[in-house]
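Below are the chains, spelled out letter by letter.
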Amino acid sequence: MIPAAFDYKRASSAAEAISLVSEFGSDAKFLAGGHSLLPLMKLRLAQPSMLIDIGRVKDLSYIKDVGDHIAIGALTRHMDVETSKVLLEHAPLLSHAAGHVGDAQVRHRGTIGGSIAHADPASDLPATTLALGATYVVQGPKGKREIAAANFYKGFLESDLAADEMLIEIRVPKMQGAGWSFQKFNRRAQDWAIVGVAAWRRKGEAGVALVNMGSTPILATSVSNAIAKGASISDAAAMASNEADPQNDLNASTVYRKHLASVLVRRALEAASK
Amino acid sequence: MTITENKPSKIIGTRLLRREDPPLLTGEAKFTNDLNIPGALHLSVLRSPYAHAKIKSIDVSAALKIAGVVAVYTGKDLQTSWAAPMPCAWAVTTDMKNPAHYPLAIDKVCYVGDGVAAVLATNETASRDALDAIDVQYEPLKAVVDLEDSLSDKNVIHSDLGTNKSYTWPLLVEETPGCVEQAFKKAKYKIKERYVQQRLIPMAMEPRAIVAVPQPFGGDITLYSSTQIPHILKVMSAITLGIPEHQVRVVAPSVGGGFGSKLNVYAEELLCMALARKHNAPVRWVEERSENSQATIQGRGQIQHVELAADENGKITAVRVRIIGDMGAYLQLVTPGVPILGAFLYAGVYDIPKAYDFSCTSVFTNLTPTDAYRGAGRPEATYAIEMGIEALAREMKIDSFELRKRNYIKKEQFPYTAFSGLTYDSGDHLLAAEKAAKMTDLAGVRAQQKKQNVAGATKLLGVGMSSYFEMCGLAPSRVLASLNYSAGGWESATVRVLPTNKVQVITGTSPHGQGHETSWAMIAAEKLGVAPEDVDVLHSDTAISPLGLDTYGSRSLAVGGIAIALACDKVIEKAKLIAAHQLECASEDLQFENGTFSVKGSPDRALPLAAIAFGAFTAHNLPDGCEPNLEAQVSYDPPNFSWPFGTHMCVVEVDTETGAVEILKYIAVDDCGNQINPLIVEGQVHGGVVQGIAQALFEEAVYDMDGNLKTTTLAEYLVPAACDVPAITTAHTVTPSPTNQLGVKGIGEAGTIGAAPTVITAIIDALSSLGVKTMAMPASPQTVWKTINEATSGGKQ
Ligand SMILES: Cc1cc2nc3c(=O)[nH]c(=O)nc-3n(C[C@H](O)[C@H](O)[C@H](O)COP(=O)(O)OP(=O)(O)OC[C@H]3O[C@@H](n4cnc5c(N)ncnc54)[C@H](O)[C@@H]3O)c2cc1C
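Model, not experiment: these values are computed from the prediction. (Residues numbered from 1 in each chain as written. Chains lettered and ligands numbered in written order. Predicted model: local features only at pLDDT ≥ 70, side-chain atom pairs only at ≥ 80, totals over all residues. Heavy atoms only, no water.)

Within chain B, the secondary structure is distributed over 20 helices and 28 strands. Taking 28 Å as the expected radius of gyration for a compact globule of 797 residues, we find that chain B reaches 28 Å, a close match to that expectation. Seen along its three principal axes, the alpha-carbon backbone of chain B occupies a region of about 90 × 70 × 55 Å. The 797 residues of chain B split such that 63% are buried. (Helix = DSSP H or I, 4+ residues; strand = E, 2+ residues; numbered from the N terminus. Rg over C-alpha atoms; globule rule 2.2 N^0.38 Å. Buried < 20%, exposed > 50% of the residue type's maximum accessible area, 1.4 Å probe, protein only.)

Put into structure tokens, the structure is as follows:
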């Protein structure tokens, strides 16, 4: 529980943070809510020699309606995502999912940007924003670029973000009244999902993403394609794991995970179709 | 003995708020690691990453170069620091095998977490960094992880012992020789079941923490430790270190839970003391959570084979039990005794003839040592008999509650001499069970079940129950002697009335969350006729309370509380002599009520205790031969265990598609005799039930084939939180114990004992229409799902 020694600098803007991280190179890490990074450091599974604290970059904490999508600043806390009126109206799936992250303490500290940048396949918000077809805006020394969520996740805790790039905004298309459901299956209320499903449905269209069903969050395209082709919900749900490659762990074998995924996808689509 | 069951009392039986809580809730309370001791060195322990390996070499040179590191010791370096190996106080048989066990391993490690080297540094960070800099070369050996594998002796862990078997402890009680075998031959119905008690990791909120402070001169040493047993620790550490006992003082500051895991003498306590003496400086250590998982004792760890024989009415005619107990790598303080504590309870609350054949064989494994964990042996026993009753009911195709009713020991049979020769003090099992059934609305749930559990349904309803008996209030010293335990079971109390009529109670119990300060003050206040807030309770410091046997085994009230009541009686007796002298009457003519002595029949001739207390202090006017001061000390050895009992029921809904289990309703009817403070009783039941539910649904120390613990953090070891357990409805029946003057029994372990079988039997009940007959613990969703699949596909069950 005692991390290795490290240095600490606090950035007051995105630009300052990016210049600090370029200065200190690959041993530097951004510190947002600290709720993924600090536990790893305490177990000495991560030993960055420099932390650049972006937790107080206030102008990156916002939720704005910008027409066809909602723009969310990377430093917005889960609790703000959960309770935002704008999101409750235009992307209720996301605010609902944010309400399922950890416990109240975690939701007051953890940030949506940290959750996505960390790229943990077991986290709720990467898969949820993936299901919603979000776009992530990142900023580096050479300026900003946009990455579609579908192209962002590269492997276990690996993303398209370069070491000197910072995630600054998450753009979520408005759901336009689509039905939705978030199914999180775990053994204790505050745990990460054993399997999770974020799904929305609008007539012949559906979007489904899976939590903890592979080394990245998984877009269940077979399911959406089947729905688009008019398949029944249970037939579509049977294809839940087509794109997945789930691991075997203490809570679930690969077989059980795949089974859970199809049950939960079916339930999610049923709920979203109501 | 007559009991004061219905005597109106003003204090005992009230829901007085716990005086312990304000300091705990405001953060004022001082835990061991809060003690600020200048100049203390920090200890860190390097632990073995192998379950079984030879230590080939240890290179500490790089660690010594780290700024702040003062010293690094290996097991060999400290070999001469120990006057004796670490203590095991319970040689359950004369030929029990007990490997020598030292605070640091010497040439071989026997479990992941075994201490290999100790670092002392001026700060925590340096001592932690030094661990990464120590280079140990190991030669890995085959790890023995499985109990049946251990029993085969294919790989012997402690080669000097020649076997992995520590002991076999039989308890064969037969009316006539061979009657058990005959009963099984004659039985109309019989069952034979195998249950596994998974290993559990006690997770006290406060991890273990220690500071050893050598006194500046004279050689005395004070050990602050987050322990349940300051008194036992004092003696045992003195023996292990070879220090005169009177030079050791042990203090347990606020202790944040123990559940048996702090009922031990640990390597780190001995290391802190030995190194503090060597360096003549305070040495402190605080456990990390992953060390808690690996280097604090674990609980349970048994394979149980249970057979019941019954006649045509389902009346049990014989019980046969074979246990394999998992001792882990070494024997800690009472490791071997844990299965034995359950040995007497495999007939549960049932009236059985003298046809009982129990035997426990305990083996070593390359895993963390086991020892007492809330209930210690008794939850295991209750689980086995209650699951056995359910199996027998299935075999007979009758309702399991009906089967229980045919077998319960009846109210009028108490005090009941059991097959074992032990006397069960009092009980009314049927009353408690019927109360639980009524509160559960058993008939209503059964009707709902018929409607809901139809073919194809995916949410199935089940009801479970368990009736338990707990053998607690450890313990009559003579009984402990017959079990080869190397200490007694008495408890000590001193009651002192100060000149201003404030009262000090000094107890040998050592609370760590149970609210003794509140309850003990209530007992003394009731007895002496003072306000509870005028009673101060002192404990957990061997300099203040030199005599005591500490807190475990639901003993504190039934033994320690009675000692306090008796000490109050002695004080009152002495005060009465003084009062008689001052009122110029015979002491037989005096009565004592509401804190005042008065002459029977002439109430105006009276003296309050306050006046006598002051008089005893000034000693100006005492009867001849009467010593000054009002103080009495009592060492009380209980004549019997106390036998709390009860019935728990719960209603579950099982999602057959996912295997998820939801507890819809949990009813606990417990009988602990008279209650001192019902609020505290309910708290004990709540906590206990949650720990039992945790065993049933959530917790398991999972090891891989090489003996690596896979559940080292609280992310993998699933301790349930408040939102993961149901609302618990508690209720009570009150059957006072006739063996002590307060009519009380213990309640600390009851909930844990009742809960696990209640939940598991409910799950099996829910799934019975699918052919499910058994369910492993913890009944995780995956386990439930697999079990359903096996049952419905006609596969192995
Ligand atoms: C007890 C507990 C329970 C939890 N339960 C859940 C759960 O159920 N579901 C769930 O989804 N999550 C859960 N979490 C994780 C939580 O949501 C984290 O807050 C989140 O995953 C990370 O966000 P953070 O702001 O804390 O990031 P940090 O820990 O500060 O950072 C995580 C990583 O991302 C990098 N980073 C952070 N922000 C940026 C940025 N803007 N640009 C580039 N890189 C960045 C950091 O350098 C670091 O590598 C839990 C955490 C805890 C401690």
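Residue and element names in this part refer to chain B. Its location among the elements puts S556 in helix α16 (residues 556–583). For S556, a relative accessible area of 6% corresponds to the buried category. If sequence neighbours within four positions are ignored, S556 has contacts with T509, H516, W520, D550, T551 and G561. (Contact = heavy atoms within 4.5 Å.)

Time to look at the interface of chain A and chain B. Counting from both sides, the interface comprises 21 residues of chain A and, opposite them, 31 residues of chain B. The largest per-residue losses of area from chain A upon contact with chain B belong to R187, R188 and L250 of chain A, which jointly make up 32% of the total buried on that side. For the interface between chain A and chain B, the tally reads 5 salt bridges. As a salt-bridge pair, D132 of chain B and R44 of chain A come within 3.0 Å of each other at their nearest N and O atoms. Residues of the side of chain A that touches chain B, tallied by class, amount to 11 nonpolar, 4 polar and 6 charged. (Buried area = accessible area lost by both parts, 1.4 Å probe. Salt bridge = Lys/Arg side-chain N within 4 Å of Asp/Glu carboxyl O. Nonpolar A, V, L, I, M, F, W, Y, C, P; charged D, E, K, R; others polar.)

This brings us to helix α10 (residues 378–396) of chain B. All names here are of chain B. For α10, built from 19 residues, the straight-helix expectation of 27 Å at 1.5 Å per residue is met to within 8% by its first-to-last C-alpha distance of 27 Å. With respect to burial, α10 is a largely interior element, 17 of its 19 residues being buried. Just past α10, the residue K397 takes up positive phi, approximately 55 degrees. (Expected span 1.5 Å × (residues − 1).)

On to the domain arrangement of chain A. Residue and element names in this part refer to chain A. Each assigned domain of chain A is listed with its residue range as follows: domain 1 (7–53), domain 2 (63–173) and domain 3 (184–272). Computed over C-alpha atoms, the centres of domain 2 and domain 3 are 20 Å apart. Opposite the 20 residues of domain 2 that make contact, domain 3 presents 19 residues. Summing both partners gives a buried area of about 1500 Å² for domain 2 against domain 3, and 66% of it is carried by carbon and sulfur. Counting the contacts that link domain 2 with domain 3 gives 1 salt bridge. As a salt-bridge pair, K184 and D124 come within 2.8 Å of each other at their nearest N and O atoms. Taken together, the connections running from domain 2 to domain 3 amount to 6 residue pairs in polar contact (both at pLDDT 80 or more). Counting only elements with at least two residues in the side of domain 2 that touches domain 3, the list comes to α8 (124–131) and β8 (153–155). When residues in the side of domain 2 that touches domain 3 are grouped by element, the largest group, 6 residues, is from α8. (Domains from an automatic or database assignment. Polar contact = N/O pair within 3.5 Å; in protein donor to acceptor, adjacent residues only side chain to side chain.)

Residue and element names in this part refer to chain A. On the surface, R10, R56, K58 and R109 cluster together into a patch of positive charge. With respect to the helices and strands, the residue R56 is situated in the loop between β3 (50–53) and β4 (63–65). Judged by its relative accessible area of 48%, R56 falls in the partly exposed class. (Patch = residues over 30% accessible without salt bridge, like charges linked within 9 Å, V, L, I, M, F, W, Y side chains within 5 Å. Areas by Shrake-Rupley, 256 points an atom, 1.4 Å probe, with all protein chains shown as cover. Lys, Arg positive; Asp, Glu negative; His and termini not counted. Charge placed at Lys NZ, Arg CZ, Asp CG, Glu CD.)

To find leftover empty space, one rolls a probe the size of a water molecule over the atoms. Residue and element names in this part refer to chain B. Applying the stated criterion across every chain, the model contains 5 cavities of 30 Å³ or more. In this structure, the largest cavity encloses a volume near 130 Å³. Of all elements in the fold, only β1 (41–47) and α7 (267–279) reach the threshold of two or more residues within the lining of the largest cavity. Of the residues assigned to the lining of the largest cavity, the class counts are 11 nonpolar, 5 polar and 4 charged. (1 Å grid on protein atoms, 1.4 Å probe; cavity = no way out; pocket = protein on both sides within 12 Å on 5 of 7 lines; lining within 4 Å. Points joined across faces, edges and corners; volume = space filled by probe spheres on them.)

Our next topic: the site of the ligand. Residues and elements named next belong to chain A. In the vicinity of the ligand lie 31 residues, with F30, G33, G34, L37 and T111 positioned nearest. Here an oxygen atom of the ligand sits 2.7 Å away from a polar atom, N or O, in the main chain of L37. At 3.4 Å from an oxygen atom of the ligand is found a side-chain nitrogen or oxygen belonging to S123. Looking at the shell around the ligand, the elements with two or more residues in it are β2 (28–31), α7 (112–118) and β10 (166–173). Considering each element in turn, the shell around the ligand owes the most residues, 4 residues, to α7. (Near = heavy atom within 4 Å.)

Residues and elements named next belong to chain B. Ordered in space as β21-β20-β19-β25, the 4 strands form an open sheet in which the pairing is mixed. Each edge of the sheet is formed by a strand with only one pairing partner; in this case those strands are β21 (535–538) and β25 (630–636). Each neighbouring strand pair of the sheet contributes to a mean axis angle of 15 degrees, computed without reference to strand direction. Strand direction decides the pairing type here: strand β19 (residues 491–497) and β25, joined by 7 bridges, are antiparallel. The residue of β25 that forms the bridge with V497 is L630. Across the sheet, helix α15 (residues 516–528) touches β19, β20 (503–507) and β21, and the angle it forms with β21 is around 135 degrees. Packing against the sheet, α16 makes contact with β19, β20 and β25, and its axis sits at approximately 145 degrees to β25. (Pairing = 2+ DSSP bridges. Axes fitted to C-alpha atoms, helices over the stretch in contact; angles between N-to-C directions.)

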